[in-house]
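# Descriptive structure summary
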Amino acid sequence: MSTLHADIGLTQGAFRLEAAFAAPPGITTVVGVSGAGKSTLLLSLLGDRTPSSGRIALGDRALFDAAKRIDVPVHERRIGIVLQDALLFPHLSALKNVAFGLAAGGDANAWLERVGASALASRLPVDLSGGERQRVALARALAAAPEALLLDEPFSALDPAARASLGQLLIALQRESGVPFIHVTHDPGEALRIGERTIALEGGRVVAEGRT
C-alpha cells in the first residue's frame, strides 16, 4: 500500500501552515491545540484547500505540485474523510448512507457488520447516538475504497467509553484496509493509544514527530 507524503505551505490571512511529513500505511495521529492548523492540514490533503507551495503525493501519484501546477480535484484523489459531525444524509437510513458511495462489488450490509452496526441498517441518523453515527460514517467512508482516510476529531464529542470502543475499532479497520489513516485529535492520550506514529502541530508547524 502507498505512503502519503506532504511538504506544503499555505497562508490563510495571518495564519501560515508549513508541514512536511510522511504517513505510511498504519495510523498517524496529528495532535495539537485548537488553532494549531490540524483541520487546515487535513483539508489541504483532501483537496478542499489549495496550498501556495509544495507537493502532496500518494505513493508515486502526485495530488498537488505547485511547481508543476498539479492540483487533482477532491473527487479524483481517492481520499476519504470522517468529521466530528458525521454528516450523514438525514433522509437516508444507515444502510443507504453506506451504499451511497459504495465501490463496485461492495456490500453495504457487510460494511455495517464490520463496524458493529448491523442492527442499525434501517434507522435514520436522527435515531442514532453519536457513537452509532460515527460507526456508520466510518463504514460509508471505507465502503468507497479510499487509498487514504482522514479523520478530523471524530470522537471528540463522545463519552469516554464510546471513544475507547471506537478507537479499537479504528485500529482494526486500518489493519483490514491496509491504507494510511491520519487521525486528528487534541487529546495526547488518544494520540498515543491509537497512533503508530504521532505528529505534533503547533502554530501551523510540525514541532515533533515519531513512533508511539
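No experiment lies behind these values; they were computed from the predicted model shown. (Residues numbered from 1 in each chain as written. Predicted model: local features only at pLDDT ≥ 70, side-chain atom pairs only at ≥ 80, totals over all residues. Heavy atoms only, no water.)

In this section: the overall build of the chain. Secondary structure assignment for the chain yields six helices and eleven strands. Against the 2.2 N^0.38 benchmark of 17 Å for 212 residues, the chain shows a C-alpha radius of gyration of 17 Å, consistent with a compact globule. When burial is assessed residue by residue, the chain has 49% of its 212 residues classed as buried. Excluding contacts between residues fewer than 6 apart, the proportion of contacts in the chain whose partners are at least 24 apart in sequence is 68%. Per element, the accessible surface of the chain, about 9,700 Å² overall, is 53% carbon and sulfur. For the chain, the distance from the average site of its 21 positive side-chain charges to the average site of its 22 negative ones is 2 Å. (Helix = DSSP H or I, 4+ residues; strand = E, 2+ residues; numbered from the N terminus. Rg over C-alpha atoms; globule rule 2.2 N^0.38 Å. Buried < 20%, exposed > 50% of the residue type's maximum accessible area, 1.4 Å probe, protein only. Contact = heavy atoms within 4.5 Å. Areas by Shrake-Rupley, 256 points an atom, 1.4 Å probe, with all protein chains shown as cover. Lys, Arg positive; Asp, Glu negative; His and termini not counted. Charge placed at Lys NZ, Arg CZ, Asp CG, Glu CD.)

The next thing to look at is the pairing of strand β8 (residues 148-152). Burial within β8 is extensive, with five of its five residues counted as buried. What you see with β8 is no split at all: Ala148, Leu150 and Asp152 on one side and Leu149 and Leu151 on the other are buried throughout. Judged from the five bridges that link them, strand β7 (residues 79-83) and β8 form a sheet pairing that is parallel. Along β8, the bridge assignment pairs Ile81 with Leu150. Relative to strand β9 (residues 180-185), β8 is paired through four bridges, and the arrangement is parallel. Its bridge partner lying in β9, Leu150 is registered against Ile182. Between the parallel elements β8 and β9, the chain passes through helix α5 (residues 160-177) in a crossover that is right-handed. (Pairing = 2+ DSSP bridges. Right-handed = clockwise from strand over helix to strand, strands pointing away.)

Turning to the packing of helix α4 (residues 130-143) against α5, a few remarks are in order. Each pair of packed helices can be summarised by the angle the axes make with each other and by the distance between the axes. Contact pair α4 / α5: the axes reach a minimum separation of 11 Å and the direction vectors enclose 10 degrees. As far as their axial angle goes, α5 and α4 are roughly parallel. Of the residues in α5, those in contact with Gly131, Gln134, Arg135, Leu138 and Leu142 of α4 are Ser165, Leu166, Leu169, Leu170 and Leu173. Residue composition of the contact of α4 with α5, by class: six nonpolar, three polar and one charged. (Axes fitted to C-alpha atoms, helices over the stretch in contact; angles between N-to-C directions. Parallel < 35°, antiparallel > 145°, perpendicular 65-115°, else oblique. Nonpolar A, V, L, I, M, F, W, Y, C, P; charged D, E, K, R; others polar.)

In this section: the nonpolar core. With 34 residues, the main nonpolar core has Val98, Leu138, Leu149, Leu170 and Phe181 as its most contacted residues. Residue assignment for this core shows that the elements contributing at least two residues are α2 (94-100), α3 (108-114), α4, β8 and α5. The leading source of residues in this core is α4, at seven residues. Excluding residues within four positions of it along the chain, Leu138 makes contact with Val82, Leu149, Leu151, Leu166, Leu169, Leu170 and Leu173. One finds Leu42, Leu45, Ile182 and Ile199 within the second-largest nonpolar core, a separate group that totals 25 residues. (Core = buried A, V, L, I, M, F, W, Y, C linked by side-chain atoms within 4.5 Å.)

If you walk through the whole model with that rule in mind, you get eleven salt bridges. In this structure, Glu147 and Arg61 form a salt bridge, with 3.2 Å as the shortest nitrogen-oxygen distance. Of this pair, Glu147 sits in the loop between α4 and β8 while Arg61 is found in strand β5 (residues 61-65), placing the two residues 86 residues apart along the sequence. Look at Glu147 and you get partly exposed, because its relative accessible area is 31%. The partner of Arg114 in a salt bridge is Glu176, and the shortest N-O contact between them spans 3.1 Å. On the criterion of sequence distance, the pair formed by Arg114 in helix α3 and Glu176 in helix α5 is long-range, its members being 62 residues apart. (Salt bridge = Lys/Arg side-chain N within 4 Å of Asp/Glu carboxyl O.)

Another aspect to go through is the pairing of strand β10 (residues 197-202). When you tally the buried positions in β10, you get five out of six residues, the bulk of the element. Relative to β10, strand β3 (residues 26-31) runs parallel, the two sharing four bridges. Looking at β10, one finds that Val30 is bridged to Ile199. As paired strands, β10 and strand β11 (residues 205-211) are joined by six bridges and run antiparallel to one another. Each residue of the ladder has a partner; that of Ala200, found in β11, is Ala208.

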